[in-house]
Every structure is written in structure tokens, then in C-alpha cells.
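Residues per chain are reported as follows:
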Amino acid sequence: MTAKPTLLRDLPADLDVKRLPRHVAVIMDGNGRWAKQQGLPRIMGHRHGVDTLKELLRCCKDWGIEALTAYAFSTENWGRPLAEVEFLMTLFERVLRRELKELISEGVQIHFVGDLGSLPESLQEEIERAMSATRHNQTIRFTVATNYGGRREILQACRAIAEQVEKGQLQVVDIDEALFERHLYTAGTCDPDLLIRTSGEMRVSNFLLWQVAYSEIYVTETLWPNFDRQEFHRALSDYQQRHRRFGLV
Ligand code: IPE
Ligand code: IPE
Ligand code: MG
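Student: Is there a simple way to explain the site of ligand 2 in this structure?
Tutor: The immediate surroundings of ligand 2 are formed by Ile27, Met28, Asp29, Tyr71, Ala72, Phe73, Ser74, Asn77, Arg80, Arg197, Arg203 and Ser205. Taking aspartate 29, its side chain carries an N or O atom lying 3.2 Å from an oxygen atom of ligand 2. At a separation of 2.6 Å, an oxygen atom of ligand 2 approaches a polar side-chain atom of serine 205. Bound to the protein, ligand 2 loses 79% of the 390 Å² it would expose on its own. Considering every element that reaches the shell around ligand 2, the biggest residue donor is strand S2 (residues 67-74), with 4 residues. Tallied by class, the residues present in the shell around ligand 2 amount to 5 nonpolar, 3 polar and 4 charged.

This is the structure in C-alpha cells:
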């Protein structure tokens, strides 16, 4: 982990600063349902979802959380109507272009994880630009999972490791958890302490399958565009009530 906690701003008094999660991961779900509730097209939910993510990132930064990982687009989401997929790809690109200056000035180190080579080329270029412009930033590590699938991530790690074995560069007995993790997209980031899913769905939908082995899971009925600072505060309070045992007694 490269990110370091910064000065805390406005941390709610009931939260214990020493027991905050180091890494929060979030499955941002419910944009479509939110839009429907408002009588708007689904894409408007995605547009509002961006503002929610921006606010959550700021909140994590203010409260000294070292890493935030957000699920923006899954390998399965390509199966949605073409117009929605195209809207999302354009949205990611536009938001990145628009927000880069602020990400830099706020000290955010942005990463993208997933099968990035299959994204539109213009988006890949924006991603490359943003990752390289922020790579020395230290305030918070912000990872966006785009065209991400946990199974695909594990498979590509297996392939890379098998190739090294095939070439005689690695012995099978030397394959352990630490080596495996170095081949995941998330190499260098600690596992999420807290996994939040909005909109009430009780599933992980192919997100960070390896990394959430011991994450605390928090599900809220709140739809993603409505997930504000207060909701995040509630999630953190809940997290701080948990007793993490990691298989011990
Ligand atoms: C999450 O919201 C955003 C993405 C998956 C891109 P949804 O679009 O899944 O919203 P619902 O689940 O249909 O309400
Ligand atoms: C998970 O949400 C993917 C993202 C948030 C990007 P989905 O809406 O795609 O998940 P399911 O279909 O409800 O499992
Ligand atoms: Mg959904």
C-alpha cells in the first residue's frame, strides 16, 4: 500500500479512528431502479451515481481511509442493451477527462482493474493518462473495476503462473498465496476490510472473489444514487460493531 492517511476532517465523533477500515470496496448497485423511481431513463441513474461516487471518495479521503475500490462495470454487464453500454463507456471517459485535474490536486492515486484491453480505445487512453498522472499521489488509492470479473482475474493469474512454470522459471511448490496475489489485478493493495453493496442485493456478482475472503459485508436497501455521507457513516458504525475473528475463537 502506498497511500497514507491524511489529516482527518469531520470524522463523526462516534467513530473510532483506530478501527476504521483501511480498504473499503463498494458494489454500486441500484442506479436503474433509482431512475425508474424518479420516472427517468436508466442512464440518468448512472449519471447521478457518478456524483455519489465522487462524494464517497471525498469522504474516504477526509476520514483517512487508505483505499476505495468501486465496481463500475462487470464482465457480465456487456449483456445489457447496447445503448446503455455505450452510454456507460462514454460516461466513464467524460468523467475521467473532467475530473482528472481535481484528482491530481486532491492527491488521489487512481487505478483501473479489469480486462482493460477490451474497452474502447479512447477510454483506454484516458485511463492510461489518469493512472500515469496520479501514480505518485499518496492521499488515497482509488481503484475502479471496469470490465472486471473476479473469475477472469483468477484465470488470468493462473495462466500467467502456468506460463512461468512451463518456461521453467517457477517451481510448482513455490506457488503460494503471496505469489498468487502478486498476479491479481489488485497486487499491492490490501484486501478490503469492508464490502458495501447498495440496493439490497445479497450477492457478490463476481466482484473481488479472492480478495473478499475475510471482508465484512454490509448490505443496505438504499439505492446507489442515494448513498450519501450519512449512509456511509452508518456502514462504518456497523462495521465497528463487528468482531472479526479470521477463523480464530
Ligand atoms: C449499477 O446499477 C450500475 C452498473 C451495474 C453499471 P444498475 O444499473 O445495476 O441498477 P439496477 O440494479 O438495474 O437498479
Ligand atoms: C454488479 O451489479 C456490477 C456493478 C455494480 C458494476 P449488477 O447489477 O450487474 O449485478 P446483478 O446483475 O444484480 O448481479
Ligand atoms: Mg444492478
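Student: Looking at this structure, how should I read the sheet that holds S2?
Tutor: Hydrogen bonds along the backbone pair up the strands of a sheet, which may run parallel or antiparallel. Taking strand neighbours across the sheet as the criterion, the 6 strands line up as S3-S4-S2-S1-S5-S6 in an open arrangement whose pairing is parallel. On the outer flanks of this sheet lie strand S3 (108-113) and strand S6 (216-219), each paired with one strand and no other. On average, each strand axis in the sheet is inclined to that of its neighbour by 20°, with strand direction left out of account. Strand direction decides the pairing type here: S3 and strand S4 (residues 140-148), joined by 6 bridges, are parallel. Paired with histidine 111 across the strands is threonine 143, a residue of S4. Packed onto the sheet, helix H3 (residues 82-105) meets S2, S3 and S4 and runs at close to 155° relative to S2.

Student: Help me understand the environment of proline 192 in this model?
Tutor: Tracing the backbone shows proline 192 in the loop between helix H6 (177-182) and strand S5 (194-197). Among the residues examined, proline 192 registers a relative accessible area of 3% and is labelled buried. Separated by 123 residues in the primary sequence, proline 192 and threonine 69 have C-alpha atoms spaced 8.2 Å apart. For proline 192, the residues in contact, after removing those within four places along its chain, are His23, Ala25, Leu208, Gln211, Val212, Ser215 and Arg244.

The rules behind each value
- Residues numbered from 1 in each chain as written.
- Chains lettered and ligands numbered in written order.
- Predicted model: local features only at pLDDT ≥ 70, side-chain atom pairs only at ≥ 80, totals over all residues.
- Heavy atoms only, no water.
- Near = heavy atom within 4 Å.
- Polar contact = N/O pair within 3.5 Å; in protein donor to acceptor, adjacent residues only side chain to side chain.
- Areas by Shrake-Rupley, 256 points an atom, 1.4 Å probe, with all protein chains shown as cover.
- Helix = DSSP H or I, 4+ residues; strand = E, 2+ residues; numbered from the N terminus.
- Nonpolar A, V, L, I, M, F, W, Y, C, P; charged D, E, K, R; others polar.
- Pairing = 2+ DSSP bridges.
- Axes fitted to C-alpha atoms, helices over the stretch in contact; angles between N-to-C directions.
- Contact = heavy atoms within 4.5 Å.
- Buried < 20%, exposed > 50% of the residue type's maximum accessible area, 1.4 Å probe, protein only.

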